[in-house]
Amino acid sequence: MTFRLLALTGLNLIALTAVAALPVVLRQPEPRHRATASQGLQPHWFLVRAASGSWYLDGAAISEVALVAQLRGATNPQGVRFLPSDARSSRQVSSDLAWLRRHSRQPVWIDRLPGPL
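Residues numbered from 1 in each chain as written. Predicted model: local features only at pLDDT ≥ 70, side-chain atom pairs only at ≥ 80, totals over all residues. Heavy atoms only, no water.

Student: Even after reading the chapter, I still don't get the pattern of salt bridges, so can you show me in this structure?
Tutor: Opposite charge on two side chains lets them pair, provided their charged atoms get close. For the structure on display, the rule yields 2 salt bridges. Here R49 makes a salt bridge to D96, at a shortest N to O gap of 2.9 Å. Here D96 lies in helix α3 (residues 90-103) and R49 lies in strand β1 (residues 45-49), a separation of 47 residues in the sequence. Residue classification places D96 among the buried residues on the basis of a relative accessible area of 5%. Measuring nitrogen to oxygen at the nearest pair gives 2.9 Å for the salt bridge that ties D96 to R88. (Salt bridge = Lys/Arg side-chain N within 4 Å of Asp/Glu carboxyl O. Helix = DSSP H or I, 4+ residues; strand = E, 2+ residues; numbered from the N terminus. Buried < 20%, exposed > 50% of the residue type's maximum accessible area, 1.4 Å probe, protein only.)

Student: Teacher, can you tell me more about the packing of helix α2 (residues 64-73) against α3 here?
Tutor: The geometry of a pair of packed helices is captured by two quantities: the angle between their axes and the separation between those axes. Between α2 and α3, the least distance of the axes is 9 Å, while the angle of their chain directions is 50°. The orientation of α2 with respect to α3, classified from their angle, is oblique. Of the residues in α3, those touching α2 at E64, L67, V68, L71 and R72 are W99, L100 and H103. Within the contact of α2 with α3, the residues separate by chemical class into 5 nonpolar, 1 polar and 2 charged. (Axes fitted to C-alpha atoms, helices over the stretch in contact; angles between N-to-C directions. Parallel < 35°, antiparallel > 145°, perpendicular 65-115°, else oblique. Contact = heavy atoms within 4.5 Å. Nonpolar A, V, L, I, M, F, W, Y, C, P; charged D, E, K, R; others polar.)

Shape is all these values report; function is a separate question.
So, in structure tokens, the structure goes:
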């Protein structure tokens, strides 16, 4: 009998706490989407080097010649985020990063996608 009474009391406390917290949860502001960048601000360029050696700028395939022209021609104050393929060796990634920094007029950072290592 004591166990049933203790379990019933615990369930009542949980239910009452949930009901009491409901107004606080409902008063929370709705999440807002981030505003798009204004004309003066440009987002980062995301540059990917695939395992095959192909380059991708913001998701679109780009030749090495066009990439050099893009890096030398247009300026992006936010810089370039370099995302190397996991299949590339550290030596290849290092040389890719050095090549990018040599050809780019804007800062280049090595980056990775969020997630487990």
